[in-house]
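The residues making up each chain are set out below.
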Amino acid sequence: MSGVLAWFAGSGVVQGLIIGATLAFLTTALILDAVAKAETRTVHGWSAIRKVGQPGNGVLVRAALQKALPVVNVFEEAAYWTASRDGARKRLSGERAYRLHFPAGQLPPGDAFWSLTATDAVGYMVSSPTGRSSVDDHSGLVKNTDGSVDILLQSHEPSGAAQNWLATPPGRFKLMLRAYLPGAAILDGTYEVPPLVEVRS
């Protein structure tokens, strides 16, 4: 038996199986990424996949969307947008400061709540002096005189409007905006998240 195993190990069959399995895995990953990209809608740098969890999705679509957004609710229960670039299509970086400006009455509409979270490029939460890793509709955000809301995203605490500050990590980072029990404007696709604009900190 040991002679058979030695022949099998040295015959190239094992190497062929390993190489074949590796190529199959990589090919599958590329196909799933391509399918997920085709199902993704990006506006102002914010990407959303509306078909997550919907009945009728084929096996390939379900697998692709599960890889892109694992363990998420259907869009009708929770809408998710992600961003790794600003409105000018430049990668988000903790070396820069950004403003997310919501015109009056244009915060994410819904019947529950919304939240905005910053993570590093891997997905780890950001620690900040405020002790919070996200801002939401319960954060007491200060409105401008015209009723609009500006959320400041930068690595260091701003000189003013700290209540509207979301700390970002050094280096590249990404954002996730969630709206739970999203409103009709989100569900019908008419609502658009404003672009992130780079500002002088």
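An account of the accompanying structure is given in this report.

What counts and what doesn't
Residues numbered from 1 in each chain as written. Predicted model: local features only at pLDDT ≥ 70, side-chain atom pairs only at ≥ 80, totals over all residues. Heavy atoms only, no water. Core = buried A, V, L, I, M, F, W, Y, C linked by side-chain atoms within 4.5 Å. Buried < 20%, exposed > 50% of the residue type's maximum accessible area, 1.4 Å probe, protein only. Helix = DSSP H or I, 4+ residues; strand = E, 2+ residues; numbered from the N terminus. Contact = heavy atoms within 4.5 Å. Pairing = 2+ DSSP bridges. Axes fitted to C-alpha atoms, helices over the stretch in contact; angles between N-to-C directions. Polar contact = N/O pair within 3.5 Å; in protein donor to acceptor, adjacent residues only side chain to side chain. Salt bridge = Lys/Arg side-chain N within 4 Å of Asp/Glu carboxyl O.

1. A few points about the nonpolar core
And then number 1: Residues Trp46, Trp81, Leu116, Ile151, Leu153, Leu175 and Leu196 are the most contacted members of the largest nonpolar core, which totals 30 residues.
And then number 2: Those elements that place two or more of their residues in this core are strand 2 (46-49), strand 3 (78-83), strand 4 (97-102), strand 5 (114-120), strand 7 (149-154), strand 8 (165-167) and strand 9 (173-180).
And then number 3: Here this core gets 4 residues from one element, more than from any other, and that element is strand 9.
And then number 4: The residues touching Leu175, leaving out its near neighbours within four places in the chain, are Trp46, Trp81, Thr82, Ala83, Leu92, Leu116, Thr117, Ala118, Leu153 and Leu196.

2. What to know about the sheet that holds strand 7
And then number 1: Taking strand neighbours across the sheet as the criterion, the 4 strands line up as 8-7-4-10 in an open arrangement whose pairing is mixed. In the strand order of this sheet, the two ends are held by strand 8 and strand 10 (196-199), each with one partner. Across the sheet, the mean angle from the axis of one strand to that of its neighbour is 30°, orientation sign disregarded.
And then number 2: Pairing of strand 7 with strand 8 involves 3 bridges; the strand directions are parallel. Directly across from Leu153, in strand 8, lies its bridge partner Leu166.

3. Comments concerning the environment of Asn164
And then number 1: Mapped onto the elements, Asn164 comes out in the loop between strand 7 and strand 8.
And then number 2: Residue classification places Asn164 among the buried residues on the basis of a relative accessible area of 3%.
And then number 3: Within the local environment of Asn164, its side chain forms a polar contact with the backbone nitrogen of Val142, the two atoms lying 2.7 Å apart.
And then number 4: Side-chain polar atoms of Asn164 contact the backbone oxygen of Asp150, separated by 2.9 Å.

4. Brief notes about the pairing of strand 4
And then number 1: Pairing analysis gives 4 bridges linking strand 4 to strand 10, with the strands arranged antiparallel. Counted as the bridge partner of Tyr98 is Glu198 from strand 10.
And then number 2: Examined bridge by bridge, strand 4 and strand 7 share 5 bridges and lie antiparallel to one another. Residue pairing in the sheet places Tyr98 in a bridge with Leu153 of strand 7.

5. Here we look at the pattern of salt bridges
Opposite charge on two side chains lets them pair, provided their charged atoms get close.
And then number 1: Considering all chains together, one arrives at 3 salt bridges under this definition.
And then number 2: A salt bridge links Arg99 to Asp150; the shortest N-O distance between them is 3.9 Å. One end of the pair, Arg99, is in strand 4; the other, Asp150, is in strand 7, and 51 residues separate them in sequence.
And then number 3: Among the residues examined, Arg99 registers a relative accessible area of 32% and is labelled partly exposed.
And then number 4: Members of the salt-bridge network, linked through shared partners, are Lys90, Arg96 and Glu198.

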